Amino acid sequence: MREGVNLQRYNTFGLPAIAERYLALTDVGQLSGEAFTEQPALVLGGGSNLVLLERIPGLTVHVLLSGIESTDGNGRFRVRAGTDWNQFVRYTLERGCPGMENLILIPGTVGAAPVQNIGAYGAEVAEFITAVHAWEYGKGMVELTPEDCAFGYRDSRFKREPGRFLITAVDFNLSERRPLKLEYGAIAEELERAGITDPTPRDVANAVTHIRRSKLPDWFFLGNSGSFFKNPVVERSHYGNLRETYADLPAYPIDDAYVKLPAGWLIDRAGLRGAGNERVGTYERQALVMVNRGGASGGDILAFSRHVQETVAEKFGVDLEPEVQVVGNQD
Ligand SMILES: Cc1cc2nc3c(=O)[nH]c(=O)nc-3n(C[C@H](O)[C@H](O)[C@H](O)COP(=O)(O)OP(=O)(O)OC[C@H]3O[C@@H](n4cnc5c(N)ncnc54)[C@H](O)[C@@H]3O)c2cc1C
């Protein structure tokens, strides 16, 4: 247990934040120790989906449990929570277990993947999860089924009940053969550009890698947390009204009553792509990505994100909900 630890290098926004008490979790056995009677204020993985404010009161637990185990030698894996997500995806592809190629290069840890049901290019991690192993505060070790996890779009029970569960490992099933998902984003275009007509999962992974590298800033050089807001879901009638003014507004059908709108498009058309000040703003090439241009605090990021929300609500009558989680207190 250490006191007063600065988490700046443990979050991809590069925000300074002092954890009152910090504990590195390297062994599941630590969970039954005295330090774990207290529910943590922050369970920290790779820090790639967080806006940390200046002070994190109480206990921060940094999940560093790592390791991949093949449980049946045939596409079923148990992966410890602190394992790097991208490393796991590459591991499965190298072993001839396709399925997660569209989810390559998402930063962060395996333990955080179920928290917001990470997704990209038409795939979501919930499709592959068979169980989540967690320490439930006040109870002990529990195993949750996918139904228990209540997965939704960038959502799960873990996101709705922060601090209740500390995920220690996740079970995956990659044994089912599924058709490749090529119809999302620029995958088909990228494959065509590379002259690939009969793609393998590795080709799709390479295409996604190429697209992501060209679209998203490298957080090591320009702090960010990927998409800052979720894509908002609106009633079809509202979409119809907006289309009268904005004929090129894209939408993805949800059901007969609702459609999903691309948050990046709304921010862009509200005139906010590349906007901001010397410390914080939106990325020039992708308005949905908020960036730390240097020296930003969590408070700066929050204040600017509220400005984006207000501007979009005023212009389009659409509320943007952050995808990232905000933790801590401001001075
Ligand atoms: C450049 C960039 C691109 C991104 N692209 C995508 C994308 O395409 N799709 C997508 O879905 N996300 C994307 N993200 C967001 C982020 O990568 C994911 O949400 C990722 O799963 C976060 O993992 P993490 O380990 O960094 O979690 P953290 O940021 O450390 O934590 C996120 C949340 O999970 C909780 N948590 C973390 N570990 C555990 C655990 N073991 N037990 C319980 N709770 C835990 C935390 O308390 C927090 O609430 C992107 C981020 C960046 C920086």
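Parameters and conventions
Think of each chain on its own: its residues are numbered from 1, step by step along the sequence as written. Totals for whole chains, interfaces and linings use every residue, but because this is a predicted model, local features are given only for residues with pLDDT of at least 70 and side-chain atom pairs only at 80 or more, for both listing and counting. Side-chain calculation: all heavy atoms of the structure are included, whereas hydrogens and water are not. Each pair of strands is called paired provided DSSP finds at least two bridges between the two strands. Secondary structure elements are taken from DSSP: a helix is a run of H or I of four residues or more, a strand is a run of E of two residues or more, and numbering for both begins at the N terminus. Each axis is a line fitted through C-alpha atoms, and for a helix only the stretch in contact is used; angles between axes span 0 to 180 degrees, taken between their N-to-C directions. Contact criterion: two residues are considered in contact whenever any of their non-hydrogen atoms come within 4.5 Å of each other. UniProt positions are given in the numbering used here, feature names are shortened, and annotations may be inferred rather than shown by experiment. We call a residue buried when its accessible area falls under 20% of the maximum for its residue type, exposed when it is over 50%, and partly exposed in between, using a 1.4 Å probe and counting protein chains only. For the purposes of these results, a polar contact is taken to be a pair of N or O atoms within 3.5 Å, where, inside protein, one atom must be able to donate a hydrogen and its partner to accept one; residues adjacent in sequence count only when each atom of the pair is a side-chain atom. One heavy atom suffices: a residue is near a molecule or strand as soon as one of its heavy atoms comes within 4 Å of it. Each accessible area value is a Shrake-Rupley result obtained with a 1.4 Å probe; residue values ignore everything except the protein chains displayed when judging cover. Classes in brief: Ala, Val, Leu, Ile, Met, Phe, Trp, Tyr, Cys and Pro nonpolar; Asp, Glu, Lys and Arg charged; the others, Gly included, polar. A domain assignment, automatic or from a database, supplies the domain bounds used here. Our arc is simply the arc of the directions from the helix axis toward the C-beta atoms. Here the aromatic set is Phe, Tyr and Trp, taking the six-membered ring for Trp, and pairing holds for ring centres within 6.5 Å; pairs whose planes are under 30 degrees apart are stacked, those over 60 apart are edge-to-face, and all others are tilted. By nonpolar core is meant a set of buried Ala, Val, Leu, Ile, Met, Phe, Trp, Tyr and Cys residues that side-chain atoms within 4.5 Å join together.

Here's the deal with the sheet that holds strand E7 (residues 76-80)
Pairing is antiparallel in the open sheet, where five strands are placed in the order E6-E7-E12-E10-E11. Here the strands that pair on one side only, and so sit at the sheet edges, are strand E6 (68-70) and strand E11 (140-144). In this sheet, adjacent strand axes meet at a mean angle of 20° when their direction is disregarded. In the sheet, E6 pairs with E7 via three bridges, with the strands oriented antiparallel. For Ser70, the partnering residue across the bridge sits in E7 and is Phe77. The sheet contacts of helix H1 (residues 85-94) involve E6, E7 and strand E12 (165-173), and relative to E7 the element is tilted by about 160°.

Considerations on the UniProt feature "active site" (unreviewed entry) in the protein
Mapped onto the present numbering, the UniProt feature "active site" (unreviewed entry) falls on Arg154, Ser227 and Glu323. Taken along the chain, the residues just named run across 170 residues; in space they keep tight, none of their C-alpha pairs more than 11.0 Å apart. By secondary structure assignment, the location of Arg154 is in the loop between helix H2 (146-149) and helix H3 (157-160). The class for Arg154 is buried, based on a relative accessible area of 12%. Among residues more than four places away in sequence, those in contact with Arg154 are Gln116, Asn117, Ile118, Gly119, Ala120, Glu124, Lys159, Lys230 and Glu323. At a separation of 3.4 Å, a polar atom in the side chain of Arg154 contacts the main-chain carbonyl oxygen of Asn117. With respect to the helices, strands and loops of the structure, Glu323 is situated in the loop between helix H8 (298-316) and strand E19 (325-327).

Brief notes about the site of the ligand
In the neighbourhood of the ligand, 33 residues make up the surrounding shell, with Val43, Gly46, Ser48, Thr109 and Gly119 lying closest. At 2.8 Å from a nitrogen atom of the ligand is found a side-chain nitrogen or oxygen belonging to Arg212. Coverage of the ligand by the protein amounts to 93% of the 970 Å² it exposes when considered alone. Mapped by element, the contributors of at least two residues to the shell around the ligand are strand E3 (42-44), strand E8 (119-120), E12 and strand E13 (223-227). A per-class count over the shell around the ligand returns 15 nonpolar, 15 polar and three charged. Taken together, domain 1 (68-131) and domain 2 (223-327) each give at least three residues to the shell around the ligand, which thus spans both.

A word on the pairing of strand E18 (residues 286-292)
Most of E18 sits inside the fold, with seven of its seven residues counted as buried. Pairing of E13 with E18, which is carried by three bridges, proceeds in the antiparallel orientation. The residue of E18 that forms the bridge with Asn224 is Val291. The antiparallel hairpin formed by strand E17 (residues 280-283) and E18 contains two residues in its connecting segment.

Overview of the UniProt feature "domain: FAD-binding PCMH-type" (unreviewed entry) in the protein
The UniProt record marks residues 12-177 with the feature "domain: FAD-binding PCMH-type" (unreviewed entry), using the residue numbering of this structure. Across residues 12-177 one finds 11% helix and 34% strand; the C-alpha atoms that close the span lie 34 Å apart.

Overview of H1
Taken as a whole, H1 has its buried residues at Trp85, Asn86, Phe88, Val89, Thr92 and Leu93. Taken around the axis of H1, the buried residues stretch over an arc of 160°, which confines them to a single face. In the core, the buried residues of H1 are packed alongside E6, E7, E12 and helix H5 (201-215). Just past H1, the residue Gly96 takes up positive phi, approximately 70°.

Overview of the domain arrangement of the protein
Annotation of the protein at the domain level lists domain 1 (68-131) and domain 2 (223-327). Summarising the inter-unit geometry, the C-alpha centres of domain 1 and domain 2 are found 28 Å apart.

Focus on the packing of aromatic side chains
Between two aromatic rings, the relevant description is the distance of the centres plus the angle of the planes. Scanning the entire structure with this criterion turns up 14 aromatic pairs. With a centroid separation of 6.0 Å and an interplanar angle of 80°, the aromatic rings of Phe77 and Tyr91 are classed as edge-to-face. Note that Phe77 is positioned in strand E7 and Tyr91 in helix H1, a separation of 14 residues in sequence. Residue Phe77 is classed as buried on the basis of its relative accessible area of 3%. Overall, the relative accessible area of 21% leaves Tyr91 in the partly exposed class.

Here's the deal with the nonpolar core
If you look at the biggest cluster of nonpolar residues, it comprises 39 residues, and the most contacted ones within it are Trp85 and Phe172. For this core, the secondary structure elements donating two or more residues are E7, H1, strand E10 (129-136), E11, E12, helix H4 (187-193) and H5. Top contributing element to this core by residue count: H5, with five residues. With near-sequence residues (within four places) excluded, Phe172 lies in contact with Gly75, Arg76, Phe77, Val79, Trp85, Phe88, Met100, Val110, Val125, Phe128, Ile129 and Thr130. Membership of the second largest hydrophobic core comes to 32 residues, among which are Val51, Tyr246, Leu288 and Phe304.

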